[in-house]
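A closer look at the structure
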Amino acid sequence: MNGVRVVLPTPHYKKEYFETRFGELPGLCIEGVEYNKPSGVFAGRLFKRVFHALLTVKNVEIYYRRKVLPQKSAPYRLAFNGLNFLGRSQLVRRAARLLFLRFSPSGFFDELLDRYRPDLVIVTDLHNENDVALMQDARHRNIPIVGMVRSWDHLTSKGLLKVVPDFIFTPNEFVKEDAVKFHGVPEEKIRVVGIPHYDRYFAHSPSSREEFAKRLGVNPKKKFVLYAPFGSRYTPQNSVDRDVIECVSQTLPPTHMLIVRCPPTDSVDLDGFIQPPNVVIDRPGVHLSSRPEKFIRNELSLDDDRWLRDTLYFSDVVISGLSTMSIDGAIFNKPVIVVGFDGNGSKPYDQSVRRYFEYDYFQPLFQSGGVRLAENIDDFRAFLAAYLQDPAKDDA
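The present account deals with the structure reproduced in this document. (Residues numbered from 1 in each chain as written. Predicted model: local features only at pLDDT ≥ 70, side-chain atom pairs only at ≥ 80, totals over all residues. Heavy atoms only, no water.)

**Quick look at the overall build of the protein chain**
Stated formally: What counts as a helix is a DSSP run of H or I of at least four residues, what counts as a strand is a run of E of at least two, and both are numbered from the N terminus. Any two residues whose heavy atoms approach within 4.5 Å are treated as being in contact. Accessible surface is estimated by sampling points in the Shrake-Rupley manner with a 1.4 Å probe; for residues, cover comes only from the protein chains shown. Charge counting treats Lys and Arg as positive and Asp and Glu as negative, with His and both chain ends excluded. Each charge is placed at NZ for Lys, CZ for Arg, CG for Asp and CD for Glu.
Broken down by element type, the protein chain carries 15 helices and 12 strands. Long-range pairs, those at least 24 residues apart, make up 61% of the contacts in the protein chain between residues at least 6 apart in sequence. Taken as a whole, the protein chain presents about 20,500 Å² of accessible surface, with 53% of it coming from carbon and sulfur. Distance between charge centres in the protein chain, computed from 53 positive and 49 negative side chains, equals 4 Å.

Listed below in structure tokens is the structure:
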């Protein structure tokens, strides 16, 4: 757009990545900035805990039973419960936000805002502490703010919104309802815009099966099952992924292969795992960390997104852990199985993957009937066998 300058603040370790790919775009200024500075201050950490407790949802209730009740002192538990009760009040939520704007550490983006004097601030993650700090400094200057909800789970898992933008873009009506119900955002401030990268999925044709198979290094006559693992961030001492991979590998007929698409910003513990010949391990993303075992700093490129589109398109069945892949699979009208059990073993509830599927954001998915929740390995095998025989058996 002529006459419009776009300033892109990004963590300094990502600056070179964005400059390489987008640096020649007219009117784009890429600025490397320090990141996660609010967490380095006591008041920043305090407000983070307070706003988490103020969110009155099932996720926070489970967090309390799992983390607060067994691990924290009586005064901490009392304060957490008190805040969670008070968070039901819209008046309390407004007061908390005013206190945050007044007393939370700020000024991290002052120099950038003073130098560029923007007419509008757009953030893509309403809970990321860097985006929140930018909104906070913009609000102090009365700069209009537009924000996006980055993921389906954030409004029911990341705490009460500290700053409510002038407009919020949500991916669907369910997330819009979460914004209104749990955060008190007026409906007139919300626009449902869909999931942006899905636009590319339908605007362009997928690769050919031959090209797809060549990139995987397999026979193009093979059929595919896709598994999106839990990863290690949310499942410490994770044996679930290994058990699921082995189960699927043993269940698949010779005509099929399993693609294990690792989480872009997490690791999957497969140490000592002997990869069966009918399993392909796919690690997407551009690695930006100096430590090869750390994936949290990965960045997905346009090619990675096209690869995901192709992978979904050519898969007959999608198997998902704690992942949005359960939604992505439905977009391509694929049968989806959600792994709701602890592999070959069984763990106490507070350590089990079962607890995640009681979270608020999963409920519309299960109620839709669009996915199958396998609560034990026998159900999992039965669902998989049925879909391998007829992937279209549950088509609407």
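Moving on from the coordinates now.
**A short note on the pairing of strand β7 (residues 223–228)**
As a reminder, the rule being used: Burial classification: accessible surface area is computed with a 1.4 Å probe over protein chains only, and a residue below 20% of its type maximum counts as buried, one above 50% as exposed, and the rest as partly exposed. Any two strands with at least two DSSP-identified bridges between them are counted as paired. A right-handed crossover is one whose linking path, passing over the helix from the first strand to the second, runs clockwise when the strands point away from the viewer.
The buried fraction of β7 is high, at five of six residues. Two strands pair when backbone bridges link them, and β7 and strand β8 (residues 256–261) are joined in this way by five bridges, in the parallel orientation. Of the residues in β8, the one forming a bridge with K223 is H256. Once you follow β7 into helix α11 (residues 240–251) and on to β8, the crossover reads as right-handed. Taken together, the five bridges between β7 and strand β10 (residues 315–320) define a ladder with parallel strand orientation. If you follow F224 over to β10, its bridge partner there is S315.

**Remarks on the side chain of T311**
Rules: As used in this structure description, the phrase polar contact means that two N or O atoms lie within 3.5 Å; if the pair is within protein, one of them must be able to donate a hydrogen and the other to accept it, and residues adjacent in sequence are counted only when both atoms belong to side chains.
Tracing the chain through its elements places T311 in helix α12 (residues 302–314). At 2.7 Å, the side chain of T311 and the backbone oxygen of W307 are in polar contact. If we skip the residues at most four places from it in the chain, T311 touches F212, L226 and I259.

**Section: helix α8 (residues 173–183)**
The condition that has to hold: Working note: the arc is built from the helix axis to C-beta atom directions.
For α8, the set of buried residues is V175, K176, D178, A179, F182 and H183. Looking down the long axis of α8, one finds its buried residues gathered within 160 degrees of arc, a one-sided arrangement. The inward-facing, buried residues of α8 abut α5 (90–103), β5 (167–170) and β6 (190–192). Measuring from the side-chain oxygen of the N-cap residue of α8 to the backbone nitrogen of F174 gives 3.1 Å; that N-cap residue is N172. Positive phi appears at G184, one or two residues downstream of α8, with a value of about 70 degrees.

**Comments concerning helix α1 (residues 12–22)**
Of the residues making up α1, those classed as buried are K14, Y17 and F18. Viewed along the axis of α1, the buried residues span an arc of 95 degrees, placing them on a single side of the element. For α1, exposure combined with an orientation more than 90 degrees from the buried face picks out E16 and T20. For α1, the elements touching its buried residues are β1 (6–11) and β2 (28–33).

**Things to note about the packing of helix α3 (residues 58–71) against helix α4 (residues 74–86)**
Each pair of packed helices gets described by two things: the angle between the helix axes and the distance between those axes. Quick note on the threshold: Axis lines are fitted to C-alpha atoms, over the contacting stretch for helices. Their N-to-C directions set the angle, which ranges from 0 to 180 degrees. Relative orientations are named as follows: roughly parallel for angles under 35 degrees, roughly antiparallel for angles over 145 degrees, roughly perpendicular for angles from 65 to 115 degrees, and oblique for any other angle. Nonpolar residues are Ala, Val, Leu, Ile, Met, Phe, Trp, Tyr, Cys and Pro. Charged residues are Asp, Glu, Lys and Arg, and all others, Gly as well, are polar.
Running from N to C, α3 and α4 point in directions that differ by 175 degrees, and their axes come no closer than 11 Å. As summarised for this structure, α3 and α4 are arranged roughly antiparallel, according to the angle between their axes. Within the contact between the two elements, α3 uses V60, Y63, Y64, V68 and L69 and α4 uses Y76, R77, F80, N81 and N84. A class-by-class count of the residues in the contact of α3 with α4 yields seven nonpolar, two polar and one charged.

**Observations regarding the sheet that holds β6**
The four strands are arranged β3-β4-β5-β6 in an open sheet whose pairing can be described as parallel. Every other strand in the sheet has two partners, leaving β3 (121–123) and β6 as the edge strands with one partner each. The sheet shows a mean angle of 20 degrees between the axes of neighbouring strands, taken without regard to direction. Across three bridges, the pairing between β3 and strand β4 (residues 145–148) is parallel. Within β4, the residue paired with I122 across the bridge is V146. Along the sheet, helix α7 (residues 129–140) contacts β3 and β4; its crossing angle with β3, the most-contacted strand, is approximately 160 degrees.

**Let's talk about a positive patch on the surface**
Note the threshold: Like charges within 9 Å and nonpolar side chains (Val, Leu, Ile, Met, Phe, Trp, Tyr) within 5 Å are joined into patches, using only residues over 30% in relative accessible area that form no salt bridge. A pair is scored as a salt bridge if a Lys or Arg side-chain nitrogen falls within 4 Å of a carboxyl oxygen belonging to Asp or Glu.
A cluster of basic residues, R45, K48, R49, K67, K72, K158 and R233, forms a positive patch on the protein surface. Examined against the element boundaries, R233 turns out to sit in the loop between β7 and α11. Take R233: its relative accessible area is 38%, and that puts it in the partly exposed class.

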